Amino acid sequence: MANSKEIGGFFELELNNGFEYHGAAIALNTGRNAFEYILEANNYTHIYLPYFTCDAMIEPLKKLKISYEFYSINNNLLPDFNFKKVQNNQAFIYNNYFGLLGNNIGAIRSKCKNIIVDNSQAFFDRTLLDIDTFYSPRKFFGVSDGAYLYSKRKISQFLKTDISYNNMKHLLGRVDMGAQKFYKDYQRNEEKLKDQPIKRMSSLTQNILKNIAYENVKKKRRRNYKFLGKYFNDINLLQFNLDNDTVPLVYPLLLKDGGSLKKALIQNNIYIPTYWPNVLEWTHENSFEKFLVENLVCLPIDQRYDEADMKIIIDLINNE
Ligand SMILES: Cc1ncc(COP(=O)(O)O)c(C=O)c1O
């Protein structure tokens with residue numbers, strides 16, 4: 001009699017066995033590897049992608065030796081692009097910035113059939129089922145890696161399953177001792193995600209993603225976003241509509257002199273990310289993209305925070 005299932009003994013990290021938000025998707029190791037999966041499955045030979053994106057997107061293009069071209073975006077963060085350029089064996093990447101630009105995907109699909117939606121910043125955006133779309137959950141939740149992918153075509157190669165337990169130090173450490181002591185570990189984990197093969201999502205990441213109160217997360221993010229909006233929509237150079245099912249990553253506040261505000265907030269322990277430093281190397285001096293990198297103040301609105309926290313941010317900005 002043989003049995004391979006381990007029963008009894010010491011306990012593992014205790015997690016509830018709930019549901020993944022994207023349970024129907026293919027669960028992989030990183031967003032860039034989900035993009036690589038799409039490239040391989042479709043044999044694309046040329047890709048159009050925005051200047052304003054993360055440099056991780058270039059990794060699979062280089063690996064597969066696929067040529068690429070950048071396009072610009074306009075003041076509404078929408079593509080300034082002639083879709084007729086996209087040929088059969090080529091694809092266009094649409095970036096759903098901050099989760100706030102999902103509404104335009106349908107309109108773009110009607111102009112261009114080979115679109116890939118990068119929902120790395122839009123975890124909750126519902127997919128148009130016939131469009132290849134990927135997500136990077138660690139931008140929204142405390143996981144070290146992982147990706148979800150909706151892809152019309154599948155690849156046949158065997159995929160190993162990722163292992164994440166050694167990548168959790170920054171997540172665990174922040175709970176015990178705060179962010180500052182573990183920022184280097186966070187960066188180390190980001191480094192480790194580079195140049196990985198396509199793998200299946202680790203059991204640890206997947207199990208953590210089964211533990212999230214997604215409806216609660218949605219409500220909190222929307223509430224915090226709206227609360228900041230009441231104070232900042234009038235001065236914000238970017239204007240977005242928050243539809244009923246839109247769940248933002250951050251509140252993106254664009255100001256002429258946003259760069260100095262960003263510095264002041266960071267000095268006051270309000271951590272503002274820069275999306276994306278690599279863009280400065282790709283674009284010219286007077287580009288809108290460069291202005292965005294330098295002056296966009298992405299205010300945190302995530303599920304860890306409530307209106308009292310938003311008030312702290314508002315007061316700091318008003319006192320600047
Ligand atoms: C817009 C965007 N696309 C793709 C990626 C790649 O995702 P991952 O880091 O999970 O590979 C990122 C971030 O890294 C991103 O910000």
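Fair warning: this is a prediction, and the values are worked out from it, not measured in the lab.

Visitor: Even after reading the chapter, I still don't get the site of the ligand, so can you show me in this structure?
Guide: Around the ligand, 14 residues are found, and the nearest of them are Gly 31, Arg 32, Asp 118, Ser 136 and Arg 138. Take Ser 120: an N or O atom from its side chain is 3.2 Å from a nitrogen atom of the ligand. Separating an oxygen atom of the ligand from a side-chain N or O atom of Ser 136 is a distance of 2.8 Å. In the complex, 96% of the free accessible area of the ligand, which totals 390 Å², lies under the protein chains. Classifying every residue of the shell around the ligand by side-chain character gives 4 nonpolar, 6 polar and 4 charged.

Visitor: Where do I start with the packing of helix α7 (residues 214-232) against helix α11 (residues 307-318) in this structure?
Guide: At their nearest, the axes of α7 and α11 sit 10 Å apart, and the two run at 25° to each other. With respect to α11, the element α7 is oriented roughly parallel. Read as a crossing pair, α7 and α11 show a hand that is right-handed. Residues Arg 223, Asn 224, Phe 227, Leu 228, Tyr 231 and Phe 232 of α7 lie in contact with α11, whose contacting residues are Glu 307, Met 310, Lys 311, Ile 314 and Ile 317. The residue inventory of the contact of α7 with α11, partitioned by class, reads 7 nonpolar, 1 polar and 3 charged.

Visitor: Is there a simple way to think about the pairing of strand β5 (residues 90-95) in this case?
Guide: The side chains of a regular strand alternate between the sheet's two faces. Burial analysis of β5 places 6 of its 6 residues in the buried class, the great majority of the element. The two faces of β5 match: Gln 90, Phe 92 and Tyr 94 on one face and Ala 91, Ile 93 and Asn 95 on the other face are all buried. The pairing of strand β2 (residues 46-50) with β5 spans 3 bridges and is classified as parallel. The residue bridging Tyr 48 from the neighbouring strand is Phe 92, located in β5.

Visitor: I tried to follow the domain arrangement of the protein chain on my own but got confused; where do I start?
Guide: One frequent convention defines the size of an interface as the accessible area lost when the parts assemble. Splitting the protein chain by domain gives domain 1 (26-209) and domain 2 (214-318). Three residues stand out in domain 1 for area buried against domain 2, namely Phe 98, Leu 100 and Phe 124, and they jointly supply 26% of the buried area on that side. Inspection of the domain 1/domain 2 interface yields 1 salt bridge. Among the ionic pairs, Arg 126 bridges to Asp 245, the shortest N-O distance being 3.6 Å. Put simply, domain 1 and domain 2 have 10 residue pairs in polar contact (both at pLDDT 80 or more) between them. It is strand β3 (residues 67-73) that provides the largest number of residues to the side of domain 1 that touches domain 2, a total of 4 residues.

Visitor: It is not clear to me how the sheet that holds strand β8 (residues 147-150) should be interpreted in this structure. Could you clarify?
Guide: Reading across from one edge, β1-β8-β7-β6-β5-β2-β3-β4 is the order of the 8 strands in this open sheet, with mixed pairing throughout. Edge positions in the sheet fall to β1 (26-28) and β4 (79-80), since each has one partner strand and no second. In terms of strand pairing, β2 meets β3 through 5 bridges, oriented parallel. Among the inter-strand pairings, Leu 49 is bridged to a residue of β3, identified as Phe 70.

Analysis parameters
Residues numbered from 1 in each chain as written. Predicted model: local features only at pLDDT ≥ 70, side-chain atom pairs only at ≥ 80, totals over all residues. Heavy atoms only, no water. Near = heavy atom within 4 Å. Polar contact = N/O pair within 3.5 Å; in protein donor to acceptor, adjacent residues only side chain to side chain. Areas by Shrake-Rupley, 256 points an atom, 1.4 Å probe, with all protein chains shown as cover. Nonpolar A, V, L, I, M, F, W, Y, C, P; charged D, E, K, R; others polar. Axes fitted to C-alpha atoms, helices over the stretch in contact; angles between N-to-C directions. Helix = DSSP H or I, 4+ residues; strand = E, 2+ residues; numbered from the N terminus. Parallel < 35°, antiparallel > 145°, perpendicular 65-115°, else oblique. Left-handed = near helix turned anticlockwise from the far one by under 90°. Contact = heavy atoms within 4.5 Å. Buried < 20%, exposed > 50% of the residue type's maximum accessible area, 1.4 Å probe, protein only. Pairing = 2+ DSSP bridges. Domains from an automatic or database assignment. Buried area = accessible area lost by both parts, 1.4 Å probe. Salt bridge = Lys/Arg side-chain N within 4 Å of Asp/Glu carboxyl O.

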